[in-house]
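Structure assessment
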Amino acid sequence: MTMEAFDVIIIGGGQSALACAYFLRRTDLSYIILDDQLYAGGAWQQAWDSLTLFSPSEYSSLPGWMMPKSQSKFPTKNEVISYLAAYEERYKIQVRRPVEVNAVYHNGLEFELNTSAGTYRCKALISATGNWNHPIIPDVPGKEGYQGTQLHSAHYKNANDLIGKRVLIVGNGNSGAQILAEVSKVATTVWAVQKEPEYLPDEVDGRVLFDIASAKYHALQSGKDFDAKQYSLGNIVMVPSVVDARERDVLHYRKTFQSMTPTGVIWEDGTTQDFDAIIWCTGFNPALDHLKSLGIMKDQQIETTETKCNALPGLYLVGYGNKTGFASATLIGVSRSARSTVNDIIEHLKHTK
Ligand code: FAD
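Residues numbered from 1 in each chain as written. Predicted model: local features only at pLDDT ≥ 70, side-chain atom pairs only at ≥ 80, totals over all residues. Heavy atoms only, no water.

Re the site of the ligand
Around the ligand sit 31 residues, and of these Ser16, Asp36, Phe54, Ala329 and Leu331 come closest. At a separation of 2.8 Å, an oxygen atom of the ligand approaches a polar side-chain atom of Asp35. Backbone polar atom of Phe54 to an oxygen atom of the ligand: 2.7 Å apart, as the coordinates give it. In the complex, 90% of the free accessible area of the ligand, which totals 1,000 Å², lies under the protein chains. Here the residues of the shell around the ligand sort into 14 nonpolar, 14 polar and three charged. (Near = heavy atom within 4 Å. Polar contact = N/O pair within 3.5 Å; in protein donor to acceptor, adjacent residues only side chain to side chain. Areas by Shrake-Rupley, 256 points an atom, 1.4 Å probe, with all protein chains shown as cover. Nonpolar A, V, L, I, M, F, W, Y, C, P; charged D, E, K, R; others polar.)

Have a look at this one:
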């Protein structure tokens, strides 16, 4: 069992960790990435088989090296995984796999990490564990007693096991729309939503969204108003499978149900409907369980200013979405967060040496 020390440790081996490592390897700081997966690719390895990016490859790149052009307009999940694996090789990024970080402590001077491969110590710690390990399934009365198949979009792979079944898809976001589009080709589907789904115009993809979100970010930074409601990042992007579903006329929804029975659901109007399977496309929370031991979490969250933890200097959270840096949960957006985090770490370590 190891008991090694580094200046910086990064927990998680997805795109956010790699972006941080890219900037760290240009410094004289020692660092290591600890990732609990067997292979490179982070959460993309868990995603459903047909998932593609929302943006062309030139809008989906980590610092330093552009993602190679895709065979299709939007890179596939496997193309993203290959890119991340090749990126690690190209920049000789130091990663250990599989190493799960179970708990983190701070003794006033440095961090101590209890992992599946022994104890590690470091002066600065970056948590870049993404959201995928923390799927949210709402607390619906009767959920425990439902006897059909239930799965979260985090664990959905393809519709092979759903052929000919009655399937309820829950959730009005992109995951819900894309999984509905796929499953509706082989099964009878109903789409349950809390809020009416909002669709982007067909010609708007992730590239346009990123440009608009950037314009909004810069306007707000300089104290100006910017109305981009119609281009919200949460709205549904009309990827080809969703356009096809619209053409097949299957994008119908019902306002969500009030409770569940052993065989299905009870809708708000009191009627019941049976389903063989329910797919929860109801989002994720940041996967921060390994930091609970620090005793600084409130409501399962850690407060940060950009990526810097407010309660504990030396701890940084990268890639968890706008809360930890504008567009940081995207390939193109995480560079900025990663660069500023490494600059902050250099400053922090100057004052702690
Ligand atoms: P992850 O990729 O989740 O990597 C975190 C890694 O840390 C994983 O390997 C995980 O196993 C590991 N880990 C977790 N806990 C521990 C621990 N305790 N110890 C050790 N290792 C641990 N992004 C885009 O840029 N463009 C898109 O078009 C796009 N489309 C998307 C569509 C959908 C439907 C979804 C759900 C996401 C999409 N994303 C897109 C977002 C993207 O998938 C994630 O935001 C991205 O994977 C986050 O990268 P990350 O490195 O922060 O985390």
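So, the environment of Tyr87
Among the structural elements, Tyr87 can be located in helix H2 (residues 77–90). Relative accessible area serves as the criterion here: at 0%, Tyr87 is assigned to the buried category. For Tyr87 and Val318, which are 231 residues apart along the polypeptide, the C-alpha to C-alpha distance reads 18 Å. Those residues in contact with Tyr87, other than ones at most four positions away along the chain, are Leu18, Tyr22, Leu62, Pro63, Trp65 and Ile93. (Helix = DSSP H or I, 4+ residues; strand = E, 2+ residues; numbered from the N terminus. Buried < 20%, exposed > 50% of the residue type's maximum accessible area, 1.4 Å probe, protein only. Contact = heavy atoms within 4.5 Å.)

Considering the pairing of strand S8 (residues 166–170)
Counting buried positions over the five residues of S8 gives four, a clear majority of the element. Sheet topology note: the S8/strand S9 (residues 188–193) ladder contains five bridges and is parallel. Within S9, the position partnered with Arg166 by the bridge is Thr188. Each parallel crossover has a hand, and the one from S8 via helix H3 (residues 174–183) to S9 is right-handed. With four bridges joining them, S8 and strand S14 (residues 277–280) adopt parallel strand pairing. Residue pairing for S14: Val167 is matched across the bridge by Ala277. (Pairing = 2+ DSSP bridges. Right-handed = clockwise from strand over helix to strand, strands pointing away.)

What to know about the packing of helix H1 (residues 15–24) against H2
Relative to each other, H1 and H2 sit at 25 degrees, their axes nearing to 11 Å. The orientation of H1 with respect to H2, classified from their angle, is roughly parallel. For the pair H1 and H2, the sense of crossing is left-handed. Contacts between H1 and H2 involve Gln15, Leu18 and Tyr22 from the former and Leu84, Tyr87 and Glu88 from the latter. (Axes fitted to C-alpha atoms, helices over the stretch in contact; angles between N-to-C directions. Parallel < 35°, antiparallel > 145°, perpendicular 65-115°, else oblique. Left-handed = near helix turned anticlockwise from the far one by under 90°.)

Here's the deal with the domain arrangement of the protein chain
The domain architecture assigned to the protein chain consists of domain 1 (4–133 + 284–352) and domain 2 (143–199 + 236–280). Using only C-alpha atoms to locate each centre, domain 1 and domain 2 end up separated by 32 Å. Taken residue by residue, the interface counts eleven residues in domain 1 and 14 residues in domain 2. Summed over both partners, the interface of domain 1 with domain 2 comes to about 1,000 Å²; 57% of that surface belongs to carbon and sulfur atoms. Between the two partners, domain 1 and domain 2, sit zero salt bridges. The interface formed by domain 1 and domain 2 holds five residue pairs in polar contact (both at pLDDT 80 or more) in total. Here the residues of the side of domain 1 that touches domain 2 are counted per class, giving seven nonpolar, three polar and one charged. (Domains from an automatic or database assignment. Buried area = accessible area lost by both parts, 1.4 Å probe. Salt bridge = Lys/Arg side-chain N within 4 Å of Asp/Glu carboxyl O.)

Thoughts on the packing of H1 against helix H6 (residues 334–352)
The relative placement of two packed helices comes down to the angle between their axes together with the axis-to-axis distance. Running from N to C, H1 and H6 point in directions that differ by 45 degrees, and their axes come no closer than 8 Å. The orientation of H1 with respect to H6, classified from their angle, is oblique. Relative to H6, the crossing made by H1 is right-handed. Here H1 contributes Gln15, Ser16, Ala19, Cys20, Phe23 and Leu24 to the contact with H6, which in turn contributes Val334, Ser335, Ala338, Arg339 and Val342. Along the lines of polarity and charge, the residues of the contact of H1 with H6 split into seven nonpolar, three polar and one charged.

A short note on the nonpolar core
Formed by 65 residues in total, the largest nonpolar core has its most connected members in Ile10, Leu62, Ile126, Ile169, Val183 and Ile279. With eight residues, H1 is the single largest residue contributor to this core. Both domains that meet at this core, namely domain 1 (4–133 + 284–352) and domain 2 (143–199 + 236–280), each give it at least three residues. Each residue touching Ile169, except ones within four places of it in the same chain, is listed here: Gly176, Ile179, Leu180, Val183, Val190, Trp191, Ala192, Ile279 and Cys281. Of all hydrophobic cores here, the second largest spans 23 residues; its members include Phe6, Ile11, Leu294 and Ile302. (Core = buried A, V, L, I, M, F, W, Y, C linked by side-chain atoms within 4.5 Å.)

A few points about the sheet that holds strand S11 (residues 259–260)
In spatial order, the strands read S11-S12-S13; together these three strands make up an open sheet with antiparallel pairing. In the strand order of this sheet, the two ends are held by S11 and strand S13 (272–274), each with one partner.

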